[in-house]
2 protein chains.
Amino acid sequence: MDLSSMNPKDVRLMIRNGELTGPTAGMCPGYAQGNLVVLPKELAYDFLLFTQRNPKSCPLLEVSDTGSRCFFESAPGSDIARDIPLYRVYQDGILIGEYPEAVNFWREDFVSFLIGCSFSFEADLLDAGIPVRHIQEDKNVPMYRTNIPCTPAGVFHGNMVVSMRPLPHRLVPKAVQITGEMPKVHGAPIHIGDPSAIGIRDIAQPDFGEAVTIYPGEVPVFWPCGVTPQNVLMDSKPSFAITHAPGHMFITDIKNINLKY
Amino acid sequence: MDLSSMNPKDVRLMIRNGELTGPTAGMCPGYAQGNLVVLPKELAYDFLLFTQRNPKSCPLLEVSDTGSRCFFESAPGSDIARDIPLYRVYQDGILIGEYPEAVNFWREDFVSFLIGCSFSFEADLLDAGIPVRHIQEDKNVPMYRTNIPCTPAGVFHGNMVVSMRPLPHRLVPKAVQITGEMPKVHGAPIHIGDPSAIGIRDIAQPDFGEAVTIYPGEVPVFWPCGVTPQNVLMDSKPSFAITHAPGHMFITDIKNINLKY
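As the structure is a computational prediction, the values presented were derived from the model and not from experiment.

1. Overview of helix H6 (residues 227–235) of chain A
Residue and element names in this part refer to chain A.
Stage number 1. Buried residues dominate H6, accounting for eight of its nine residues.
Stage number 2. The set of residues buried in H6 consists of Val-227, Thr-228, Pro-229, Gln-230, Asn-231, Val-232, Leu-233 and Met-234.
Stage number 3. Positive backbone phi, approximately 50°, marks Lys-237, located one or two places after H6.

2. Topic: unusual backbone geometry
Stage number 1. A positive phi angle, close to 50°, is found at Cys-28 of chain A, a residue other than glycine.
Stage number 2. For Cys-28 of chain A, the position within the fold is in the loop between helix H1 (8–16) and strand S1 (31–40).
Stage number 3. A positive phi is found at His-186 of chain B, a non-glycine position, where the angle reads about 95°.
Stage number 4. Tracing the chain through its elements places His-186 of chain B in the loop between helix H5 (172–180) and strand S8 (191–192).

3. Some thoughts on the nonpolar core
Stage number 1. Within the largest apolar cluster, 64 residues are counted, with the highest numbers of intra-cluster contacts made by Leu-39 and Phe-113 of chain A together with Leu-39 and Phe-113 of chain B.
Stage number 2. Residues within four places of Phe-113 of chain B in sequence aside, it is in contact with Asn-35, Leu-36, Val-37, Leu-39, Ala-44, Phe-47, Leu-48, Leu-60, Glu-62, Val-63 and Phe-71 of chain B.

4. Section: the interface of chain B and chain A
Stage number 1. With 16 residues of chain B in contact, the opposing surface of chain A contributes 16 residues.
Stage number 2. Between chain B and chain A, roughly 1,400 Å² of surface is buried when both sides are summed, and carbon and sulfur atoms account for 55% of that area.
Stage number 3. Sorting the residues of chain B by area buried against chain A places Tyr-45, Leu-48 and Gln-52 of chain B first, and these three jointly supply 43% of that buried surface.
Stage number 4. Applying the counting rule to chain B against chain A returns two salt bridges.
Stage number 5. Connecting chain B to chain A are six residue pairs in polar contact (both at pLDDT 80 or more).
Stage number 6. Those elements that provide at least two residues to the side of chain B that touches chain A are helix H2 (41–53) and strand S2 (60–63) of chain B.
Stage number 7. Top contributing element to the side of chain B that touches chain A by residue count: H2 of chain B, with seven residues.

5. Quick notes on the packing of aromatic side chains
Stage number 1. In this structure the tally under the stated criterion is 20 aromatic pairs over all chains.
Stage number 2. Measuring from ring centre to ring centre gives 5.4 Å for Phe-121 of chain B and Trp-223 of chain B, while their planes differ by 40°; the resulting arrangement is tilted. With a gap of 102 residues between them, Phe-121 of chain B in helix H3 (residues 119–127) and Trp-223 of chain B in strand S9 (residues 218–224) connect regions that are remote in the sequence.
Stage number 3. Judged by its relative accessible area of 0%, Trp-223 of chain B is buried.
Stage number 4. Members of the aromatic cluster, connected to one another through ring pairs, are Tyr-99, Phe-105, Trp-106, Phe-110 and Phe-240 of chain A.

6. A short note on helix H1 (residues 8–16) of chain B
Residues and elements named next belong to chain B.
Stage number 1. Listing the buried residues of H1 in full gives Pro-8, Val-11, Arg-12, Met-14 and Ile-15. Burial along H1 is one-sided: seen end-on, the buried residues are contained in an arc of 160°.
Stage number 2. The inward-facing, buried residues of H1 abut strand S1 (31–40) and strand S11 (250–255).
Stage number 3. With a side-chain oxygen positioned 3.0 Å from the backbone nitrogen of Lys-9, the residue opening H1 is Asn-7.
Stage number 4. Where H1 ends, the next residue or the one after it, Gly-18, has phi of about 80°, a positive value.

7. Things to note about the environment of Pro-149 of chain B
All names here are of chain B.
Stage number 1. One can find Pro-149 in strand S6 (residues 143–149).
Stage number 2. Classification of Pro-149 as exposed rests on a relative accessible area of 61%.
Stage number 3. In the structure, Pro-149 is positioned 95 residues away from Asn-54 in sequence and 9.9 Å away in space, judged by C-alpha atoms.
Stage number 4. Beyond its immediate chain neighbours, meaning those up to four positions away, Pro-149 contacts Gly-158 and Asn-159.

Reading the values: rules and limits
Residues numbered from 1 in each chain as written. Chains lettered and ligands numbered in written order. Predicted model: local features only at pLDDT ≥ 70, side-chain atom pairs only at ≥ 80, totals over all residues. Heavy atoms only, no water. Buried < 20%, exposed > 50% of the residue type's maximum accessible area, 1.4 Å probe, protein only. Helix = DSSP H or I, 4+ residues; strand = E, 2+ residues; numbered from the N terminus. Core = buried A, V, L, I, M, F, W, Y, C linked by side-chain atoms within 4.5 Å. Contact = heavy atoms within 4.5 Å. Buried area = accessible area lost by both parts, 1.4 Å probe. Salt bridge = Lys/Arg side-chain N within 4 Å of Asp/Glu carboxyl O. Polar contact = N/O pair within 3.5 Å; in protein donor to acceptor, adjacent residues only side chain to side chain. Phe/Tyr/Trp six-rings, centres within 6.5 Å; stacked < 30°, edge-to-face > 60°. Arc of directions from axis to C-beta.

Listed below in structure tokens is the structure:
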């Protein structure tokens, strides 16, 4: 079955029915995928304010109505508690398990946040002939904790997490321009070059994901990463939270081209 | 005294000291001015969500901490309750008066929202040789209620208000490109041409501001307007609210060029 030609609605339905259980990379090319964070309403104001103050690492695509399990704008007919292949459930900041659906955990006071994902700009980079190393090496993108502070909001505070893609010198400006046009999926890089300048001690040992090869003549380029909100969130130990499992994203009906304008 | 060469901090101080009491148009060119909405915390989540869902009419520049009277990022050292020349105070959705400062009304549960203003892109239009009619005619920009629904959020719902600038046909694409690069101050037009298509019955009778001349060969071009949130807000009759008086904006330390990136 060629999933790459299916529309997002049909793929979400297959996920809902348990027919797709793995990572969503490569599914529905041209359509945006998103990070999910679900929180009790009592924490929703602080988290919404955190995303407003940190739009580079936490670009919001949509916020559900309280208690609703649907992203009406990004994915009409969706079921937030079933349309992701794998969920993570946290209690008091501790991961209590991974589950193929979140229905049994759902509460009427939940608010769901959909946050942009760099999968969207990677398609544009590839289109422009810019290599994306972790795709070439069939790995998860390498991600690092930095010393770049996020702007705090209420109970939430912490440092930015970044993703890294090594690029030949001559392609760096073009990559900045292409990704800079898509602020809703993290936008332009936050740093280019020396990892130690942003507090990364060993580029070969990412804090999340997997290390990738950096060839001679290549520069490490760092983008704000959608793992930032999860990281900040868990540090503040919310009473209850649900997120997607890494790589298992929510697939929207939003065309990537429409994230630019 | 040439106010156009003074920096925002000094102009805010003059306003705070009662030395400047009129509209802020033309002050501190190159720096962004903003619309102010102050609400009790109990309404802040719904309003923040409303701005998130309606970024074209309600582009947020900053949200204060609860109870704080300072926009720390946009204007360090500012006093939100004194740095605007004229405030409007609303009780149960009814305007109870205009005041040169809001200190006596301030409460510990207030949250302040700073919303982008099209003054920022007008400077860029003029730089590019595109005429701005209400500036040429020394009038307030004409604004109209439309039939374009905003996306509701909690208690807030209503239609978009637009501002209108008539342009010669040949300059319309350039104006779309220039303003489209500045989404934090309303961005690209929402409509070009026939006013009736968006529910405007008489272009000569704006709902806010003043009518301007439209010459033969010119097209009315409509942008989402920062009056939208005030309009929507008053319809929902909040127990208490403070805003700036039209034309009397909050002057920030943000350079317009930094609103693009």
